[in-house]
Every structure is written in C-alpha cells, then in structure tokens.
Amino acid sequence: ERHLGPLGLRNAWGYNPVTMMAVDHRLCPNGIADLKFATDALRKAGIGVILDLVFNHTGESDRFGPVISMRGLDNHIYYRHMPDQPGLLINDAGTGNTLQCDHKIVSQLIINSLRHFVLGAGVDGFRFDLAPILGRTATGFDAQAELLSLMQSDDVLADRILIVEPWDIGPGGYQLGNFPQKFLEWNDRARDDLRCFWRGDAWKLGALATRLAGSADIFSRNGAKITRSVNFLAAHDGFTLADMVAYNHKHNDANGEHNRDGHNDNHSWNNGVEGETSDPDVLSARKADIKALLATLFAMRGSIMLTAGDEFGRTQHGNNNAYAQDNADFWVNWAGRDVELENHVAMLAKMRRNNPLLRNQKNLVGKVNDGLPDVTWLRPDGLPMQPHDWDAPDAGTSMMVLADPKNPEVKRLAILLNRTREAAHFVLPERMGFSWRDGLNKQKCGAHVDVAPRSVVFVEEAQTVP
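Computed from a predicted structure; not experimentally measured. (Residues numbered from 1 in each chain as written. Predicted model: local features only at pLDDT ≥ 70, side-chain atom pairs only at ≥ 80, totals over all residues. Heavy atoms only, no water.)

A. Representation of the pattern of salt bridges within the structure. Applying the stated criterion across every chain yields a total of 33 salt bridges. Note that Lys 204 and Asp 193 form a salt bridge whose closest N and O atoms lie 3.2 Å from each other. Taken together, the residues span a long stretch of sequence, with Lys 204 in the loop between α5 (188-199) and α6 (205-212) and Asp 193 in helix α5 at a distance of eleven residues. We note that Lys 204, like Asp 193, is buried. Across the salt bridge formed by Asp 389 and Arg 379, the nearest N and O atoms sit 3.7 Å from each other. On the criterion of sequence distance, the pair formed by Asp 389 in helix α12 (residues 387-391) and Arg 379 in the loop between β11 (375-378) and α12 is long-range, its members being ten residues apart. For the pair Asp 389 and Arg 379, one class covers both residues: buried. Several salt bridges share partner residues, and in doing so they unite Arg 189, Asp 193, Lys 204, Arg 211 and Asp 217 into one network. (Salt bridge = Lys/Arg side-chain N within 4 Å of Asp/Glu carboxyl O. Helix = DSSP H or I, 4+ residues; strand = E, 2+ residues; numbered from the N terminus. Buried < 20%, exposed > 50% of the residue type's maximum accessible area, 1.4 Å probe, protein only.)

B. Just the packing of helix α2 (residues 70-78) against helix α3 (residues 104-121), in detail. Remark: α2 packs on α3, axes separated minimally by 10 Å, with the N-to-C direction vectors making an angle of 120 degrees. Taken together, the axis directions place α2 and α3 in an arrangement best described as oblique. Within the contact between the two elements, α2 uses Met 70, Ile 77 and Tyr 78 and α3 uses Ile 105, Val 106 and Leu 109. Residues of the contact of α2 with α3, tallied by class, amount to six nonpolar, no polar and no charged. (Axes fitted to C-alpha atoms, helices over the stretch in contact; angles between N-to-C directions. Parallel < 35°, antiparallel > 145°, perpendicular 65-115°, else oblique. Contact = heavy atoms within 4.5 Å. Nonpolar A, V, L, I, M, F, W, Y, C, P; charged D, E, K, R; others polar.)

C. View of the pairing of strand β4 (residues 125-128). Burial along β4 is two-sided: Gly 125 and Arg 127 and Phe 126 and Phe 128, pointing in opposite directions, are all buried. Of the pairings in the sheet, the one linking strand β1 (residues 50-53) to β4 comprises four bridges and is parallel in character. Residue pairing in the sheet places Asp 52 in a bridge with Arg 127 of β4. One ladder, built from four bridges, connects β4 with strand β7 (residues 161-164); its direction is parallel. Along β7, the bridge assignment pairs Phe 128 with Val 164. (Pairing = 2+ DSSP bridges.)

D. Structural context of the nonpolar core. Of all hydrophobic cores here, the largest spans 44 residues; its most connected members are Trp 198, Leu 293, Leu 402, Ile 415 and Phe 458. In terms of residue count, helix α9 (residues 280-299) provides more of this core than any other element does, eight residues in total. Excluding residues that lie within four positions of it along the chain, Phe 458 makes contacts with Ala 295, Ala 299, Leu 348, Met 351, Leu 413, Ala 414, Ile 415, Arg 437, Asp 438 and Gly 439. Core analysis: the second largest hydrophobic core is formed by 40 residues, Cys 28, Ile 77, Cys 101 and Val 118 among them. (Core = buried A, V, L, I, M, F, W, Y, C linked by side-chain atoms within 4.5 Å.)

E. Region of interest: the environment of Arg 314. Mapping Arg 314 onto the fold places it in the loop between β10 (303-305) and α10 (339-354). The class for Arg 314 is buried, based on a relative accessible area of 15%. Sequence separation of Arg 314 and Ala 242 is 72 residues, and the distance between their C-alpha atoms is 6.2 Å. Apart from residues lying up to four places away in sequence, Arg 314 is in contact with Thr 240, Ala 242, Ala 308, Gly 309, Phe 330, Trp 331 and Val 332.

F. Quick look at the sheet that holds strand β15 (residues 434-438). Here we have five strands laid out as an open sheet, ordered β11-β12-β13-β17-β15, and antiparallel in their pairing. The open sheet has two free edges, formed respectively by β11 and β15, since each of these has just one partner strand. Ignoring which end each strand starts from, the neighbouring axes of this sheet average 20 degrees apart. Running over the sheet, α6 touches β11, β12 (397-402) and β13 (413-418) and is turned about 20 degrees from β12.

G. Representation of unusual backbone geometry within the structure. Phi is positive for His 267, close to 50 degrees, though the residue is something other than glycine. With a phi angle near 60 degrees, His 317 is a residue other than glycine that sits in the positive phi range. Within the secondary structure layout, His 317 lies in the loop between β10 and α10.

H. Focus on the side chain of Ser 61. Looking at the secondary structure, you find Ser 61 in the loop between β1 and α2. Taking relative accessible area as the criterion, Ser 61 reaches 17% and is therefore assigned buried. Apart from the residues lying within four places of it in its own chain, the contact partners of Ser 61 are Arg 2, Arg 71, Leu 89, Thr 95, Gly 96 and Asn 97.

I. Spotlight on the side chain of Asn 187. Examined against the element boundaries, Asn 187 turns out to sit in the loop between β8 (184-186) and α5. Taking relative accessible area as the criterion, Asn 187 reaches 0% and is therefore assigned buried. Not counting residues up to four positions away in its chain, the partners in contact with Asn 187 are Leu 176, Ser 215, Ile 218, Phe 219, Ser 229, Val 230, Asn 231 and Phe 232.

J. Quick look at α6. Counted residue by residue, α6 has six buried out of eight residues, so it is predominantly covered. Here α6 has its buried residues at Leu 205, Ala 207, Leu 208, Ala 209, Arg 211 and Leu 212. A positive backbone phi angle near 105 degrees is found at Gly 214, which sits one or two residues after α6.

K. Region of the structure containing the packing of helix α1 (residues 32-44) against α3. Between α1 and α3, the least distance of the axes is 9 Å, while the angle of their chain directions is 60 degrees. Relative to α3, the element α1 lies oblique. Crossing angle aside, the handedness with which α1 passes α3 is right-handed. Of α3, the residues touching α1 (which contributes Ile 32, Leu 35, Lys 36 and Thr 39) are His 116, Phe 117, Gly 120 and Ala 121. Across the contact of α1 with α3, the residue classes tally to four nonpolar, three polar and one charged. (Left-handed = near helix turned anticlockwise from the far one by under 90°.)

L. Summary view of the sheet that holds β7. Pairing is parallel in the open sheet, where six strands are placed in the order β1-β4-β7-β8-β9-β10. Single-partner strands in this sheet number two, and they are β1 and β10. Averaged over all pairs of adjacent strands, the angle between their axes in this sheet comes to 25 degrees, without regard to strand direction.

M. Broad picture of the packing of aromatic side chains. The tally for this structure, following the rule as stated, stands at twelve aromatic pairs. Measuring from centroid to centroid gives 6.3 Å for Phe 55 and Phe 128, while their planes differ by 35 degrees, and the two rings are tilted. Highlighted residues: Phe 55 in the loop between β1 and α2 and Phe 128 in strand β4, separated in sequence by 73 residues. Residues Phe 55 and Phe 128 agree in their burial class; the two are buried. Taken together through their ring pairs, the aromatic side chains of Trp 13, Tyr 15 and Tyr 323 make up a single cluster. In this arrangement the basic side chain of Arg 71 is found over the ring face of Tyr 79, its NZ or CZ atom lying 5.7 Å from the centre. Positioned above the aromatic ring of Trp 186, the side-chain terminus of Arg 127 is 4.1 Å from the ring centre. (Phe/Tyr/Trp six-rings, centres within 6.5 Å; stacked < 30°, edge-to-face > 60°. Lys NZ or Arg CZ within 6 Å of the ring centre and 35° of its normal.)

In structure tokens:
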C-alpha cells in the first residue's frame, strides 16, 4: 500500500492478494508443497486446516494503483466498475477495487484456486473475507449466485468446511443469516451481545440468552433446524480479548492516520484505568472478566472461534487495527503469556469437546413433550425465569440448563451466569438418581452453588452410586 512506505510501515497481515493460487514465499519457500507438509503434520495431531482467503479485491488498489496482475489482463472483466462510468472502480471492499465475482472468468478462477488448495495441500476448508462480494450481481447480493452455488456443488469442494464473513461495505452489504445452508457465518451479533452483557449494558440478559441458544432469530430462517453461527469474542481486526477489558477507546496513533482508522464502537471497558497498570485490583478484575467472557463463548451453541493469543492474554496496547504493525510490540509474545489463563482455556476446551450437549448444533426450542426440555432457563432460586426477570434493565443472573429430550440418560449441564458485583447463590434442579458436580474439576458440589461476582460456573450431573 503506497501510503505505508512514507510512514515507515508495512502490511503485516497480507489480505492484499496478487495471484490467487500462489502462496507467500516468506511462509512457504517451497510453494504449496510446504503447505501440504504443514497440513499433514497438523492433521496427525488432530488439527484441521482452514485457509482464510481474500476473493473480494486484489492488491492493485484504486485507479492510481499498480498494474500487477488482473488489471493488466483485463481490467473490465476482473473488476467491478460504475455502470455509467466505466473508468471508475466500485469500492465495496474498501481497498480501492472489487472483484467482479459474477463474471464466469473470475468465478472459475476462484473455484480453480479452491480446488488447487484442496487437491494440492489437502486443506479442510476455507473462510472468505467480505463474502457478500462473492454473491454480488449487478443488482445486489444473491444467495443463489453462481459462484456460491459452484462452491457447494463442486465434487472437490462439496465436503469442505465453508465459512463466510457475511458483510462488506457496499450497498446491502450486511447479509448475516442470508447465506445458503452449506455456509457457516461469522456472527457479529453474538460478539456484540456477549461483550455488551459483560460490560454491564442494560436490558442485555435476553439478548445473551438468544446467542447462547444458537441465534435462532438469525439462523432458523426458512425452517432451518441447525444453527450455522460461528461465535467469537474477537478477530484479527479489532481489540484483542485482553485489550477489550483494558481500554475504553482505541489507540491507533502508531498507524499514522491520527487515530482515524479502525472501529470506534468496540463495546469495550477498562475496569477503571485506561491501558497498562500495575494496580492489583484492576488486574484481578480484568482477569475475571476475561475468564467470564471465555466461559460464555465456550457455552454458546454453534461453532466457536478463538483468536490466537486470546487464550493467554495477548495485547496490542489498545490498537484495534494493527495491520501495519510488523514489529515486536505487536507480534505474539510467547514468553510473556499468561499460563494460568492458558490452562483455564484448555479446561474449557476439554469440557466442550467431551460434552455432547455443548457440541450439539440443533436449535434449542425448550418445549416439553414426554421428556426433559432441551433447555430450561431458571432464576438463581431455581424457579423459572419470568418475563419481568428478563425485562429488568439490570438483570445479570440466570441459569441455563441443557438436556437431551430424546435420551434422559444424558447428564444435564447447567451454566450459571453472574454478571453482578456480588456473589450469587444458585439452587439447581434435582432429579432422582443424579447429583451435581463441578463441570471443570469434577468435584461434587450439591444442588446449592455460590457463584462469585463477574463469573460463569459449569455444573454437570453425575450418576448417583446406588
């Protein structure tokens, strides 16, 4: 990017492709063979590989940008132009140009690129940046656009994981919940409602419950029974999780744009001090908030995404748009990570992996037929939540009890939420033949549980020994 050189900066993220099938030689000097080697090694360790790809624009920028690849091949085929001004590039990606993905040549290039990474490197799936552009036509976004249809029907791609970022900055660019059923979608509504609840915003308990249950208001359209939500707290752009509870405002001055770049509304809070501090009370409060946010994320129905470094407290010093900060202040500090927090996240991940109630993707309905309801919402005293409990502006406590209606032998799981600044006493529902124990350390706890301020507790049923 031509504005970064004079500032002594460079793009550390990438996100400005020039050719669609070539991997960066700095990461893969032997080309796709290196990517295949990494994919094979990760798979042996039980880890899948999803490539984050950019098919919405290229690094050729606006009309003043360089001629590197597609602009030199055929500017009018590869890029979208204003209908009455063929020399004026449409900028739905916010980077100076927008790929014309509804053109057959562009569409085929993208499909061939995806096939290349599957056949050549064996990757498990893809995440698509600014994905509405993949379905854009001359009249706007179309969920049945040819490119999106080809991704679902291609014999090489049909069994791959496909994840979309369902928004861009063009007209009608916010398309959360509108992609075809094959696609998982980044859920920024879940991100924001989760942040706002723990920040202490009024009237947020009901919104959080909807997100915990899989965001059926978004993903049950057209009769869908399974959520496609990808729930997350933070991503590569925006505050890190540690900065989310340490800064009220962004601090992007190092980017050379006078703090104008990056999101202004981050739904963040600083726990009394802006930025770095040695105050033990502030640090303790921030740590509690991070653990509560993480626990809530791991309890959410759908898929979850955790950004690298958020599991051990990585900071970007309040910069929420660190794309141009290729230096030690912004790299992942492995030596300085919070190992205690890292171990806590590992326990949450293990619990989620081992509990079928947390892995279930079906929309929760709460109805009772012959057996247990799949979800029950209770007050701390164990009584059902009533409308006035949900509608209280400062409501900050609730209990979510998950069960399997088709198999009563599956042990229930209770998620106890306490956003308040005081400890809360919870009374759990009991049933014959089962007792309650802590969901993380497996210690017996009984039906009466005290939940510390600003925290989440998981309690699971255990079979009572006769």
